[in-house]
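Observations on the model geometry
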Amino acid sequence: MIDFEPTLTDAKILAAVREEGLVARRYARHYDEHEEEFPPDHLPEAGTMRSHARLFGARTDADDGMAVLSMLVAAGQTWGDYSVRLRRPSGGGLGNAALRAAGTPEQQARWGHLLLAMAITEPGCGSDPSRVRTTAVKDGDHWVLNGEKIFVTTGCRAQGVVVWATIDPSAGRAGIKSFLIEKGTPGFVVVRKEKKLGIRSDDTAAYAFEDCRIPRENLLGLDESIPKESSGGFREVMKTFNMTRPAVAALGLGMSQAALDFTRDELARAGVAVQYGAGAASQPALAQRFLELEALQEAAMLTVLRAAWLADQRKANNLESSICKAKAGAAVRTITQGCIEILGPIGVSREHLLEKWFRDVRITDIYEGTGQIQRLIIARTILGYTRDELN
Amino acid sequence: MISFEPTEDQELVRSTVREFAADSLRAAARDADEAGELPAAVLDAAGSLGLVASQIPESYGGVGGERSPITNAIVLEELAYGDAALALAAFAPAEFALAILDHGTDEQRRRLLPALAGDRAAIGALAVVEPTPAFDPSRLATFAERVSGGWRVTGEKTFVALGEGASHFLVIARVAGRDADAAGPYASHAALVVPRDARGLAVGDREPTLGLRALPFARLALDGVEVPDGDVLGGDAGCDVGRIVASARVGLAAAQVGLARAVMEYAIPYAKDRVAFGEPIARKQAIAFLLADMAIEVDAMRWLVWKAASDLEHGRDALRSSHHARSYVASQTMKIADDGLQVLGGHGFIREHPVELWYRHARTLGVLEGVVGV
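Quick notes on the rules
- Residues numbered from 1 in each chain as written.
- Chains lettered and ligands numbered in written order.
- Predicted model: local features only at pLDDT ≥ 70, side-chain atom pairs only at ≥ 80, totals over all residues.
- Helix = DSSP H or I, 4+ residues; strand = E, 2+ residues; numbered from the N terminus.
- Rg over C-alpha atoms; globule rule 2.2 N^0.38 Å.
- Buried ≥ 20, exposed ≤ 12 C-beta atoms within 10 Å, placed from the backbone.
- Contact = placed C-beta atoms within 7 Å.
- Core = buried A, V, L, I, M, F, W, Y, C linked by C-beta atoms within 7 Å.
- Nonpolar A, V, L, I, M, F, W, Y, C, P; charged D, E, K, R; others polar.
- Expected span 1.5 Å × (residues − 1).
- Arc of directions from axis to C-beta.
- Axes fitted to C-alpha atoms, helices over the stretch in contact; angles between N-to-C directions.
- Parallel < 35°, antiparallel > 145°, perpendicular 65-115°, else oblique.
- Left-handed = near helix turned anticlockwise from the far one by under 90°.
- Domains from an automatic or database assignment.
- Pairing = 2+ DSSP bridges.

Within chain A, the secondary structure is distributed over 10 helices and 7 strands. Computed over the C-alpha atoms, the radius of gyration of chain A is 22 Å, within 12% of the 21 Å expected from 2.2 N^0.38 for a compact globule of 391 residues. Seen through its principal axes, chain A has C-alpha atoms that stretch 75 × 50 × 45 Å. Within chain A, buried positions represent 49% of all 391 residues.

This is how it looks when you write it as structure tokens:
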């Protein structure tokens, strides 16, 4: 039956996530302004506050699907802060998701406990990963990697990384494979930590691989063949994105929700009440603007839940993942820009976090495929066009 | 539990109505618009779907199906995919019946519902909108004043769908002397049942419209119409008029989702077929991205409508979700109709294609209140 209320058990989990988020928020400004520091894996309050994770034991099949709940938890966490967590569990990196999707059971058992980053983007290749130039050349029982990677999320803290490299540059996308490289491997260099507009305490690294030699069994999935059809193998790799697109959308929407909540409170302090149900003529202009932004937030969040719900039903969600990513990416920009517009000068004061959320959310429409790339995917799908027919 | 899964019944109703709307309503839409008249045969066919009677319990003369705002939202999207004017004509009579069912006393239900549930059913119509700029249902100029044994109602209403043929009106008015805002925007409102032959009620000329031209809207003038206490919806306790407003907003938004989907599904094959500079215009990103945005928004809009409908269905407060659904869907539908027309270029401006009709429908639907409920 169609419904949009989380179950009681899940509502408790989400309330606990928000409590932890409020604690994380106390540290948000510090780590934003001290980019060189990493937030700790455990905040001091973790000693006395129990984790929301303890509540998962009460869940049954009658509760919300795990993908749906994960999106709400993700949004609840970034509602507190994008990077700071009361506790940071291991195994939560983007590379961990890739390992779970593409690794053999043995590979998952061997590396699953590490924090794994994911290295795709290169100086000359962003939204089009088929242009990957990092090479992996087989040499006996080893692969030898050479190339540069940038924009590697948690790349400094990570204990290992899943790297996209081509084993046959002439094969295009079909030649791209995922390799797991542990930190400390000779020839694997962390070149720098990037300085960014927002999500500053989320470290972003640049890597270089210089004759970096790894064992042959570090190829995720162990399949060394190059598929004949143009993009079969590449599609396997791209499968990872079916839940990461909704996830990054949810991360962005957690921050835009925080911006809306702050704006509503500040408006109330100024005596501007937001009234639901009355017509436009009964609302002050600021309240009217707020209502528009809040509706946009709701609309975007529902597209995320839709994509996740399909995943919970084990139904294809490729189109819906792009829809929610495109929708949320644009929505969080509009919402945080609009909240500052509503509140005026105090919206840009660093005394408050609104200006930080405005900076932090901006990446949402860029990473994991820009809004434009998502629209290309959506357009190809609804038009029935191939990559060649619409590019 | 968060779920996007319609029930089996809802899937069945959806496919039945989808077929009917795509075949019968779409085929009749252009002629009905040009003539400014509802085709009787099409309405009879719509009536045989039992959209109203199926929601009224047997004890009140109906068929006794499930009363579900979500099902109604699904039905309205499908009907309006065929044509919004005919969809509203087919479904507007349900709004009066559902208001009586949801908010009436048992006596009111027994008295009023059986006549609405029959084969050649009588029609009840809601009278909400008033002829004022920037109409706002929370700020009405129609007032109900206390008199001995009842109320005296004075004001003007317009955009009363199917009002010309209605046997009863449900007039939304403000109670004179009652202060609104503290207890919510509709705390000072009441809904009053007014029979067509009530003294002081005049049904005026038809309101001519930009879109929805096939759907007749009546104007009402109420000059001291006396309404006995027994005809105040909900009896002495009254009723939550905000819920009637919310239901209507969800109904209109659901119809707009269907309209937007119609535009998108018309524009896509057109853009694939239309060649310019050596290739279909759909292969240009400038056009393809407009279509992608339509797909994004049709999805987002439908979930907002379903969310508000599910709040109504589960008896939760729906003022917030219906407000969001209504305002968001109205603006996005307008944009989709606008972009759809642009994709067709000059052909979008010609009445041979339905897109100019949908463009007029979109602007009209977006500003109405109280015309159709869920």
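Additional details are given in the paragraphs that follow.
Looking only at helices and strands, chain B features 10 helices and 9 strands. Radius of gyration (C-alpha) of chain B: 21 Å, near the 21 Å computed for a compact globule of 374 residues. A principal-axis box enclosing the C-alpha atoms of chain B has dimensions of 80 × 45 × 40 Å. Counting across all 374 residues of chain B, residues that qualify as buried make up 57%. A sequence separation of at least 24 residues applies to 76% of the contacts in chain B between residues at least 6 apart.

Here we take up the nonpolar core. Counting 212 residues, the largest nonpolar core has A:V304, B:L88, B:L192, B:L291 and B:V305 as the members making the most contacts within it. One finds A:V152, A:A158, A:I176 and A:C212 within the second-largest nonpolar core, a separate group that totals 39 residues.

Before going further, it helps to spend a moment on the interface of chain A and chain B. Contact residues are listed per partner, giving 40 residues for chain A and 43 residues for chain B. Sorting the residues of the side of chain A that touches chain B by element identifies α7 (285-312), α8 (318-343) and α10 (371-383) of chain A as the ones contributing at least two each. Residues belonging to the side of chain A that touches chain B are distributed by class as follows: 24 nonpolar, 6 polar and 10 charged.

All right, on to the environment of B:G36 then. Residues and elements named next belong to chain B. Note on placement: G36 falls in the loop between α1 (8-35) and α2 (40-47). On the neighbour-count criterion, G36 (14 C-beta atoms within 10 Å) is partly exposed. For the pair G36 and L215, spaced 179 residues apart in sequence, the C-alpha to C-alpha distance is 7.2 Å. Leave out the neighbours within four places in its chain, and G36 touches R213 and A214.

Residue and element names in this part refer to chain B. With 12 residues, helix α5 (residues 106-117) extends 16 Å from end C-alpha to end C-alpha; this agrees with the ideal 16 Å at 1.5 Å per step. Buried within α5 are the following residues: R109, L112, L113, L116 and A117. Looking straight down α5, one finds that the buried residues subtend no more than 125° of arc, so they occupy a single side. Lining the buried residues of α5 we find α4 (84-103), β1 (124-127), β4 (168-175) and β5 (189-195).

Let us now look at α8(A). Along its 26 residues, α8(A) runs 38 Å from first to last C-alpha, staying within 8% of the 38 Å computed at 1.5 Å per residue. Just past α8(A), the residue A:G344 takes up positive phi, approximately 70°.

On to unusual backbone geometry, then. Although it is not a glycine, A:L222 adopts a positive phi angle of roughly 60°. By secondary structure assignment, the location of A:L222 is in the loop between β7 (204-215) and α5 (232-238). Classification of A:L222 as partly exposed rests on a count of 14 C-beta atoms within 10 Å. At B:L162, a residue that is not glycine, the phi angle is positive and equals roughly 60°.

Residue and element names in this part refer to chain A. It is the contact of α7 with α8, at a shortest axis distance of 9 Å, that shows an interaxial angle of 160°. If you check the angle between α7 and α8, you find them roughly antiparallel. Like other packed secondary-structure pairs, α7 and α8 cross with a definite hand, here left-handed. Between α7, through L286, R289, F290, L293, L296, Q297, A300, T303, V304, R306, A307 and L310, and α8, the contact on the second element is made entirely by E320, S321, I323, C324, K327, A328, A331, T334, I335, G338, C339 and I342. Among the residues making up the contact of α7 with α8, the classes are represented as 15 nonpolar, 5 polar and 4 charged.

Turning next to the environment of B:D23. Residue and element names in this part refer to chain B. Secondary-structure assignment places D23 in helix α1. Overall, the presence of 12 C-beta atoms within 10 Å leaves D23 in the exposed class. Here the alpha-carbon distance between D23 and G82, two residues 59 residues apart in the chain, equals 7.5 Å.

This brings us to the domain arrangement of chain A. Residue and element names in this part refer to chain A. Here the domain parsing of chain A yields domain 1 (8-80), domain 2 (94-230) and domain 3 (241-383). Computed over C-alpha atoms only, the centres of domain 2 and domain 3 are separated by 31 Å. Facing the 6 residues of domain 2 at the interface are 8 residues of domain 3. In terms of residue class, the side of domain 2 that touches domain 3 is made up of 4 nonpolar, 2 polar and no charged.

Another point: the pairing of strand β1 (residues 116-119) of chain A. Residue and element names in this part refer to chain A. Alternating positions in β1 separate into two faces, L116 and M118 on one and A117 and A119 on the other, with burial throughout. Relative to strand β4 (residues 160-166), β1 runs parallel, the two sharing 4 bridges. The residue bridging M118 from the neighbouring strand is V162, located in β4.

Residues and elements named next belong to chain B. Domain annotation for chain B reports domain 1 (8-120), domain 2 (126-237) and domain 3 (241-365). Just the C-alpha atoms count here: the centres of domain 1 and domain 3 sit 22 Å apart. Taken together, the contact between domain 1 and domain 3 spans 19 residues of the former and 23 residues of the latter. Of all elements in the fold, only α1, α3 (69-82) and α4 reach the threshold of two or more residues within the side of domain 1 that touches domain 3. A per-element tally of the side of domain 1 that touches domain 3 places α3 first, with 9 residues. Residue composition of the side of domain 1 that touches domain 3, grouped by class: 13 nonpolar, 1 polar and 5 charged.

Residue and element names in this part refer to chain B. At a minimum axis distance of 10 Å, the contact between helix α6 (residues 241-273) and helix α10 (residues 355-365) shows a crossing angle of 155°. With respect to α10, the axis of α6 lies roughly antiparallel. Pair α6 / α10 crosses with left-handed handedness. In this structure, α6 contributes L252, A255, Q256, L259, A262, V263 and Y266 to the contact, and α10 contributes V355, W358, H361, A362 and L365.

Residues and elements named next belong to chain A. As paired strands, strand β2 (residues 135-139) and strand β3 (residues 142-153) are joined by 5 bridges and run antiparallel to one another. Bridge pairing links K138 to W143 in β3. The hairpin turn running from β2 into β3, its antiparallel successor, is 2 residues long, and G140 in that turn takes a positive phi close to 65°. The pairing of β3 with β7 spans 9 bridges and is classified as antiparallel. Following the sheet pairing, W143 is matched in β7 by I214.

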